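Residue strings, one per chain:
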Amino acid sequence: MDLAGKRIVLGMTGGIACYKIAEFTRLLTKAGASVQVVMTQAATKFITPVTMQALSGHPVYTDQWDARIDNNMPHIDLSREVDAIVIAPCSADFMFKLAHGACDDLLSTLCVARPMTLPLLVAPAMNVEMWQNAATQRNAAQLRTDGIAILGPDAGEQACGEIGMGRMLEPEQLLEEVIASFHRKILAGKRVLLTAGPTFEPIDPVRGITNLSSGKMGYAIARAAREAGAEVTLVSGPTALTTPYGVHRINVQTAQQMHDVVLSHVDGQDVFVAVAAVADWRVKNASKQKLKKTGEHDIPHLEFEQNPDILASVAALPAKPYCVGFAAESENLLRYGEEKRQKKGVPLLVGNIGHQTFGKDENELVLFDDKGNKRLPRADKQDLARQLIAEIAARI
Ligand code: CTP
């Protein structure tokens with residue numbers, strides 16, 4: 001679970017986006033976090049503390065003078081022994097209060113009373129004019145200077161009917177931002193290009209040759225790279241997966257298309273990770289029209305030709321990024337892995353232990369570089385992806 005063991009104070013201020021926080025709370029708890037909700041009086045006008053208590057599983061605090069806290073100092077108690085404070089939605093008024101250190105209700109007071117090292121994240125939600133107002137922008141700049149993370153806002157249709165910047169991020173996006181905030185920015189300022197998923201080589205307009213790759217490992221690495229602060233471009237074959245938050249995805253079908261897109265985006269990239277299960281061959285005599293079954297013995301004969309090797313092409317570029325390859329072998333991984341690393345001319349090659357990883361949520365890896373090999377024991381693909389990103393960051 002992405003937030004296992006994390007304790008989060010979820011502060012809510014007045015705004016129609018409060019209704020989305022019910023879902024956000026559910027997502028946080030599902031991800032393993034323990035959530036303590038604190039609401040301003042204005043927030044209670046939009047959604048009741050009863051709802052938030054039911055969803056978070058903890059009593060909700062709304063009042064600075066709440067006698068339920070033993071020492072009667074909720075502003076101190078609530079900001080100790082937690083891992084982050086998230087204010088969502090954060091109104092223009094609350095941004096003003098944070099920027100000026102106001103302490104006139106429980107939520108603002110506990111923010112000021114928080115230890116300096118405790119991360120504070122705010123998700124603004126307001127009308128476009130309120131967001132663009134010079135005073136709000138001044139306050140936003142001040143919050144950034146003070147080390148407070150501002151999540152979003154997004155542009156789009158607003159509850160008032162106007163269109164523009166100021167919409168709160170969606171609950172799933174907020175969750176990704178909170179998860180990312182717990183990861184060190186070891187790839188800050190870096191650009192990462194990846195391939196993922198299977199390729200699809202047409203036989204005719206309705207048939208083709210593909211493989212069992214689900215894309216899960218590649219998507220997990222793209223997500224981990226983004227969490228680590230990188231700008232990520234994911235060139236993906238056909239998969240059923242949702243694009244990781246904040247990742248730029250380009251869809252392709254064939255190996256040739258994947259090759260062309262990668263080569264047109266490789267300039268200026270710091271890292272290239274080839275995770276895709278690329279078809280080695282394509283059908284040379286693919287039909288433009290659907291092949292018809294004309295008779296019992298009339299079986300079409302397919303001719304094949306070789307696809308370009310995307311990883312080897314990138315690794316051969318004069319100004320190449322740091323290249324990472326993957327290997328799926330059914331036998332002799334230790335020998336074939338190192339041989340493949342040298343054949344492809346890459347500094348790091350990642351071998352899947354056991355070739356039946358396709359579609360699974362877990363994996364076990366072995367890393368080959370010029371110093372030898374290193375095992376990453378069986379774990380969830382997302383955990384392994386984060387370990388792999390740390391290994392890559394340490395090498396570049
Ligand atoms: N790869 C690629 N382009 C290809 C074939 C493979 O970029 N046309 C990349 C894969 O994304 C992976 C690595 O090369 O990172 C190794 O892929 P794999 O299928 O294991 O190896 P092949 O080079 O195809 O060799 P073989 O099938 O003979 O094992």
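1. Looking at the overall build of the chain
On a plain count of helices and strands, the chain comes out with 14 helices and 19 strands. The principal-axis extent of the C-alpha atoms belonging to the chain is close to 85 × 50 × 40 Å. Buried residues in the chain amount to 48% of all 396 residues. Put simply, of all contacts in the chain between residues at least 6 apart along the chain, 66% involve residues at least 24 apart. Taken as a whole, the chain presents about 19,100 Å² of accessible surface, with 52% of it coming from carbon and sulfur. Taking the 42 positively charged and 45 negatively charged side chains of the chain as two groups, their mean positions are separated by 3 Å.

2. A word on the packing of aromatic side chains
As enumerated under the stated definition, the model contains zero aromatic pairs in all. Note that K6 overlies the ring of F182, its terminal NZ or CZ placed 4.7 Å from the centroid. Directly above the ring of Y61 sits R68, whose terminal nitrogen or CZ lies 4.6 Å from the centroid.

3. Structural notes on the sheet that holds strand β1 (residues 7–12)
Across the sheet, which stays open at both edges, the five strands sit in the order β2-β1-β3-β4-β5 with parallel pairing between neighbours. In this open sheet, the two edge strands, each paired with only one partner strand, are β2 (34–39) and β5 (149–150). Here six bridges tie β1 to β2, and the two strands are oriented parallel to one another. Its bridge partner lying in β2, G11 is registered against V38.

4. Topic: the domain arrangement of the chain
Frequently, the measure chosen for interface size is the accessible area removed from exposure when the parts meet. Here the chain is described as being made up of domain 1 (7–181) and domain 2 (191–395). If you average the C-alpha positions of domain 1 and of domain 2, the two centres end up 40 Å apart. Contacts between the two partners involve six residues from domain 1, matched on the other side by five residues from domain 2. Both sides of the domain 1 and domain 2 interface together cover about 530 Å² of buried area, and 50% of this is carbon and sulfur. Applying the counting criterion to the domain 1 and domain 2 interface returns two salt bridges. We note a salt bridge from E176 to R223, for which the minimum N-O separation is 2.9 Å.

5. Details of the side chain of N363
Relative to the helices and strands, N363 resides in strand β18 (residues 362–369). N363 sits in the buried class, given a relative accessible area of 2%. One polar contact links N363 to N352, side chain to side chain, over a distance of 2.9 Å.

6. Quick notes on the packing of helix α1 (residues 18–30) against helix α3 (residues 49–56)
Look at α1 against α3: their axes get within 9 Å of each other, and the N-to-C directions meet at 20 degrees. In terms of axis orientation, α1 runs roughly parallel to α3. Between α1 and α3 lies a crossing of right-handed hand. Counted together, I21, A22, T25 and T29 of α1 and M52, L55 and S56 of α3 form the full contact between these two elements. Among the residues making up the contact of α1 with α3, the classes are represented as four nonpolar, three polar and no charged.

7. Some remarks on the site of the ligand
Near the ligand you find 14 residues, and of these A274, A276, F326, K340 and K344 are the closest. Bound to the protein, the ligand loses 79% of the 570 Å² it would expose on its own. Broken down by secondary-structure element, the contributors of at least two residues to the shell around the ligand are α12 (310–315), β16 (322–328) and α13 (333–344). In terms of residues, the shell around the ligand owes the most to one element, β16, which gives four residues. Across the shell around the ligand, the residue classes break down as nine nonpolar, one polar and four charged.

8. Digging into the sheet that holds β16
Pairing within the open sheet is mixed, and its eight strands lie in the order β12-β11-β8-β13-β16-β17-β18-β19. The strands lining the two open edges of the sheet, one partner per strand, are β12 (248–251) and β19 (372–380). Averaged over all pairs of adjacent strands, the angle between their axes in this sheet comes to 20 degrees, without regard to strand direction. Strand direction decides the pairing type here: strand β17 (residues 348–352) and β18, joined by four bridges, are antiparallel. If you follow N352 over to β18, its bridge partner there is L365. Here α13 sits on the sheet and contacts β16, β17, β18 and β19; the angle it forms with β18, its principal contact strand, is near 55 degrees.

9. Quick look at helix α10 (residues 216–227)
The end-to-end C-alpha separation of α10 is 16 Å, in line with the 16 Å expected for 12 residues at 1.5 Å each. Buried residues of α10: M217, G218, Y219, A220, I221, A222, R223, A224, A225 and E227, and no others. G229 lies just past α10 and shows a positive phi near 100 degrees.

About the thresholds
Residues numbered from 1 in each chain as written. Predicted model: local features only at pLDDT ≥ 70, side-chain atom pairs only at ≥ 80, totals over all residues. Heavy atoms only, no water. Helix = DSSP H or I, 4+ residues; strand = E, 2+ residues; numbered from the N terminus. Buried < 20%, exposed > 50% of the residue type's maximum accessible area, 1.4 Å probe, protein only. Contact = heavy atoms within 4.5 Å. Areas by Shrake-Rupley, 256 points an atom, 1.4 Å probe, with all protein chains shown as cover. Lys, Arg positive; Asp, Glu negative; His and termini not counted. Charge placed at Lys NZ, Arg CZ, Asp CG, Glu CD. Phe/Tyr/Trp six-rings, centres within 6.5 Å; stacked < 30°, edge-to-face > 60°. Lys NZ or Arg CZ within 6 Å of the ring centre and 35° of its normal. Pairing = 2+ DSSP bridges. Domains from an automatic or database assignment. Buried area = accessible area lost by both parts, 1.4 Å probe. Salt bridge = Lys/Arg side-chain N within 4 Å of Asp/Glu carboxyl O. Polar contact = N/O pair within 3.5 Å; in protein donor to acceptor, adjacent residues only side chain to side chain. Axes fitted to C-alpha atoms, helices over the stretch in contact; angles between N-to-C directions. Parallel < 35°, antiparallel > 145°, perpendicular 65-115°, else oblique. Left-handed = near helix turned anticlockwise from the far one by under 90°. Nonpolar A, V, L, I, M, F, W, Y, C, P; charged D, E, K, R; others polar. Near = heavy atom within 4 Å. Expected span 1.5 Å × (residues − 1).

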